[in-house]
Amino acid sequence: MPGIIGKKIGMTSLFTPDGKNIPVTLIQAGPCVVTQVKTVENDGYAAVQLGFGDKKLKRVTKAEAGHYKKTNTAPKKKVAEFDAEGASLNAGDVVDASLFIEGEFVDVVGTSKGKGFQGVVKRHGFAGVGGQTHGQHNRARHPGSIGACSWPSRVFKGMRMAGRTGGNRVTIQNLTIMRVIADKNLLVVSGSVPGAKNSYVLIEK
């Protein structure tokens, strides 16, 4: 199985055997139920659909309820597909944190925190005008010029400006699994993971 759905619990730190204090993120990885197995013959590609976190039956449509009834499981809050070339799983099987071992590298996919409408200093790291305003006022964090004059008579696409920031799908690669607490389905991974506390993440091998 190439991955699992998890929930970001929060951050803390661990001491390594050589005395270094490193930041780590605690993730609840599963248990996830296999809600569907897709095959090349039926669906055109091979994949495994996992569901994580139970949801009340009254909160789903009849179509969704019928989908989960096939595997005799409760409706799920988060559903995701993973590439399953060669995986031997059947609908209704359970995948948990024991899938991982300490020391291996994983990629974590999450949705970054939304920051709302932000200016160019926060959004793109512009330096601002600084102290040299030459007498102007209210210009310290402004974007400055956004183009030329009669040519090209337009603003080039991709010009870095103020706008909605965050809330994007972000992948952090090559995080090390520091601890596996299998009985509680917890993973401790090095570094930070995108998203707020209690947000869903995908952990991929």
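Residues numbered from 1 in each chain as written. Predicted model: local features only at pLDDT ≥ 70, side-chain atom pairs only at ≥ 80, totals over all residues. Heavy atoms only, no water.

Tallying each qualifying case throughout the model produces two aromatic pairs. Between Phe 52 and Tyr 200, the aromatic rings sit 5.9 Å apart at their centres with planes inclined by 85 degrees, giving edge-to-face as the arrangement. Within this pair, whereas Phe 52 is found in strand S4 (residues 47-54), its partner Tyr 200 is found in strand S12 (residues 200-204), the two being separated by 148 residues in sequence. Under the relative-accessibility criterion, Phe 52 is labelled buried at 5%. (Phe/Tyr/Trp six-rings, centres within 6.5 Å; stacked < 30°, edge-to-face > 60°. Helix = DSSP H or I, 4+ residues; strand = E, 2+ residues; numbered from the N terminus. Buried < 20%, exposed > 50% of the residue type's maximum accessible area, 1.4 Å probe, protein only.)

Counting buried residues in strand S11 (residues 186-190) gives five out of five residues, a clear majority hidden from the surface. Because side chains alternate across S11, one face comprises the buried residues Leu 186, Val 188 and Ser 190, and the other comprises Leu 187 and Val 189, equally buried. As paired strands, strand S2 (residues 21-29) and S11 are joined by five bridges and run antiparallel to one another. By the bridge assignment for S11, Ile 27 is matched with Leu 187. (Pairing = 2+ DSSP bridges.)

If you walk through the whole model with that rule in mind, you get two salt bridges. One salt bridge in this structure joins Lys 38 and Glu 81, with 2.7 Å as the shortest N-O distance. Within this pair, whereas Lys 38 is found in strand S3 (residues 32-38), its partner Glu 81 is found in strand S5 (residues 76-83), the two being separated by 43 residues in sequence. Residue classification places Glu 81 among the partly exposed residues on the basis of a relative accessible area of 35%. The shortest N-O distance in the salt bridge between Asp 54 and Lys 76 comes to 2.5 Å. Residue Asp 54 is found in strand S4, and its partner Lys 76 is found in strand S5; the two are separated by 22 residues along the sequence. In this structure Lys 76 comes out as buried when scored by relative accessible area, which is 7%. (Salt bridge = Lys/Arg side-chain N within 4 Å of Asp/Glu carboxyl O.)

Turning to a nonpolar patch on the surface, a few remarks are in order. A contiguous nonpolar patch, built from Ile 146, Trp 151, Val 155, Phe 156, Met 159 and Met 161 and spanning about 560 Å² of accessible area, is present on the exposed surface. Structurally, Met 159 is set in the loop between helix H3 (120-124) and strand S9 (163-165). Taking the relative accessible area as the measure of exposure, Met 159 reaches 33% and is therefore partly exposed. (Patch = residues over 30% accessible without salt bridge, like charges linked within 9 Å, V, L, I, M, F, W, Y side chains within 5 Å. Areas by Shrake-Rupley, 256 points an atom, 1.4 Å probe, with all protein chains shown as cover.)

Here strand S1 (residues 3-15) pairs with S12 via five bridges, running antiparallel. Residue pairing in the sheet places Ile 5 in a bridge with Leu 202 of S12. The pairing of strand S7 (residues 105-111) with S12 spans three bridges and is antiparallel. Paired with Val 108 across the bridge in S12 is Ile 203.

A few words on the side chain of Thr 165. Topologically, Thr 165 is positioned in strand S9. Not counting residues within four places of it along the chain, the set of residues in contact with Thr 165 comprises Gly 114, Lys 115, Gly 116, Gln 118 and Arg 123. (Contact = heavy atoms within 4.5 Å.)

Bringing the sheet that holds S5 into the picture now. Strand order in the open sheet made by the four strands is S5-S4-S3-S6, with antiparallel pairing throughout. Looking at which strands have only one partner, the edges of the open sheet turn out to be S5 and strand S6 (94-95). Pairing analysis gives two bridges linking S3 to S6, with the strands arranged antiparallel. Residue pairing for S6: Cys 32 is matched across the bridge by Val 95. Helix H2 (residues 62-69) rests against S3, S4 and S5 of the sheet, and its axis sits at about 95 degrees to S3. (Axes fitted to C-alpha atoms, helices over the stretch in contact; angles between N-to-C directions.)

Right, let's talk about the sheet that holds strand S10 (residues 169-181) for a bit. The antiparallel closed barrel is built from six strands, whose spatial order is S1-S2-S11-S10-S7-S12. Along the sheet, successive strands turn relative to each other by an average axial angle of 50 degrees, direction set aside. Across nine bridges, S1 lies against S2 in antiparallel orientation. Across the sheet, residue Lys 7 finds its bridge partner in S2, namely Gln 28.

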